[in-house]
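Analysis of the macromolecular model
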Amino acid sequence: MQSFWNDRYSQEEYVYGESPNEWLRECLGGLPPGKILFPAEGEGRNAVYAAQCGWEVEAFDYSEEGKRKAEQLARKNGVQINYQVADAGEVHYPASSLDAIALIFSHFPEALRRQLFPNWIKWLKPGGYVIFECFSIGQLHYQQEHGSGGPKDSALLYALDQIPTEFPGIEFSVLEEKEVMLQEGTYHSGLGQVIRFIGKKS
Ligand SMILES: C[S@@+](CC[C@H](N)C(=O)[O-])C[C@H]1O[C@@H](n2cnc3c(N)ncnc32)[C@H](O)[C@@H]1O
């Protein structure tokens, strides 16, 4: 899969656009800046936006091409981000060291998620936030009807009723499955079905 993403990102165009995800924009608008982590951040549109809003930004992805383009976007916008090329299973942060983690179209196999996410929540300070927008299982239908992108393997998609189990210790202030009109570059375009949430570590 790593070579799939490197190929996809090797063109000069930003395939998910240069603008941030709208849910992320809305959530960050209500939070004081601190230190935020973007797992599986691809070409960097969300990380760069957060840095523009005054956040100290950490990001990772296993695509070298993703890092190249994210750093190029950061330079273009005059901000700094700390982006490492790494598989999700290899990344470590100290406990209680982050104010927020933003998972924006960060899709991992269900079995892996159950190992990763409880660990990631440990990296959050008490009162830190998880911001999340990813495709739901319902997106399989939207892919066929609307060609709006996302993984084709159902094990990579999220189910609304499993979110509280996958994110133990998070108090959700918004948690919903939603039909959205995606306008995020070539590959997220058209009607889609996502799960969105914002929640706080208790
Ligand atoms: C749909 S893209 C989303 C990129 C970015 N979050 C955004 O919203 O523009 C999914 C990303 O997940 C990354 N990815 C998938 N599995 C990964 C893993 N196990 N470790 C690190 N990155 C991974 C891919 O390289 C790709 O950049």
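Scroll up for the structure.
Rules behind the numbers
Going along each chain's sequence as written, the residues are numbered from 1 onward. Selection of residues for local features in this predicted model requires a pLDDT of at least 70, selection of side-chain atom pairs for listing and counting requires 80 or more, and totals for whole chains, interfaces and linings are taken over all residues. Exposure classes come from backbone-placed C-beta atoms, where a residue is buried if 20 or more other C-beta atoms lie within 10 Å of its own, exposed if 12 or fewer do, and partly exposed in between. Secondary structure elements follow DSSP: runs of H or I of four or more residues count as helices, runs of E of two or more count as strands, with numbering from the N terminus. When DSSP finds two or more bridges between two strands, those strands count as paired. When the strands point away from the viewer, a crossover counts as right-handed if the route from the first strand across the helix to the second turns clockwise. Fitted lines through C-alpha atoms give the axes, limited to the stretch in contact for helices. The angle between two N-to-C directions lies from 0 to 180 degrees. A pair of residues counts as a contact when their C-beta atoms, built from backbone coordinates, are within 7 Å of each other. This arc corresponds to the set of directions leading from the helix axis out to the C-beta atoms. Any residue whose backbone-placed C-beta atom lies within 6 Å of a molecule or strand is treated as near that molecule or strand. Gly falls in the polar group here, along with every residue not listed as nonpolar (Ala, Val, Leu, Ile, Met, Phe, Trp, Tyr, Cys, Pro) or charged (Asp, Glu, Lys, Arg).

A look at the pairing of strand 1 (residues 35–39)
Along strand 1, four of the five residues are buried, which leaves the element largely enclosed by surrounding structure. Bridge count between strand 1 and strand 2 (residues 56–61): five bridges; the pairing is parallel. If you follow Lys35 over to strand 2, its bridge partner there is Glu56. Regarding the hand of the β-α-β motif, the stretch spanning strand 1, helix 3 (residues 45–52) and strand 2 is right-handed. One ladder, built from two bridges, connects strand 1 with strand 4 (residues 98–104); its direction is parallel. Looking across to strand 4, one finds that Ile36 is bridged to Ala100.

Focus: the pairing of strand 3 (residues 82–85)
For strand 2 and strand 3, the ladder comprises four bridges, and the chain directions are parallel. By the bridge assignment, Asp61 is partnered in strand 3 with Val85.

Considerations on the sheet that holds strand 7 (residues 188–201)
The seven strands lie next to each other as 3-2-1-4-5-7-6, forming an open sheet whose pairing is mixed. At either end of the open sheet lies a strand with only one pairing partner, and these are strand 3 and strand 6 (170–184). The average angle at which neighbouring strand axes cross in this sheet is 15°, direction not considered. In terms of strand pairing, strand 6 meets strand 7 through 14 bridges, oriented antiparallel. Bridging from a neighbouring strand, Glu171 pairs with Lys200 of strand 7. Contacting strand 1, strand 2, strand 3 and strand 4, helix 3 runs over the sheet at an angle of about 170° to strand 2. With respect to the sheet, helix 6 (residues 139–146) is in contact with strand 5 (124–135) and strand 7, its orientation differing from that of strand 7 by roughly 155°.

Description of unusual backbone geometry
Its identity is not glycine, yet Ser96 carries a phi of approximately 55°, on the positive side. One can find Ser96 in the loop between strand 3 and strand 4. Classification of Ser96 by C-beta neighbours within 10 Å gives partly exposed; the count is 13. Unlike most non-glycine residues, Phe105 shows phi in positive territory, near 50°. Looking at where Phe105 falls in the secondary structure, it is placed in the loop between strand 4 and helix 5 (110–123).

Some remarks on the environment of Glu58
Looking at the secondary structure, you find Glu58 in strand 2. Between the alpha carbons of Glu58 and Leu98 there is a distance of 9.4 Å; along the sequence they are 40 residues apart. Excluding anything up to four places from it in sequence, Glu58 contacts Lys35, Leu37 and Asn82.

Let's talk about helix 2 (residues 22–29)
Each turn of an α-helix holds 3.6 residues, which means side chains three or four residues apart point in the same direction. Inspection of helix 2 places Trp23, Leu24, Cys27 and Leu28 among the buried residues, and these make up the whole buried set. The arc enclosing the buried residues of helix 2, seen along the axis, measures out at 125°, which places them on a common side. Against the buried residues of helix 2 lie helix 3, strand 4, strand 5 and strand 7.

Focus: the site of the ligand
Among the 18 residues in the neighbourhood of the ligand, the closest are listed as Trp5, Ala40, Gly42, Tyr62 and Ala88. Of the residues belonging to the shell around the ligand, the class tally is eight nonpolar, six polar and four charged.

Description of the packing of helix 1 (residues 2–9) against helix 4 (residues 64–76)
At their nearest, the axes of helix 1 and helix 4 sit 7 Å apart, and the two run at 35° to each other. Within the contact between the two elements, helix 1 uses Trp5, Asn6 and Tyr9 and helix 4 uses Glu64, Glu65, Gly66 and Lys69. For the contact of helix 1 with helix 4, the residue count by class is two nonpolar, two polar and three charged.

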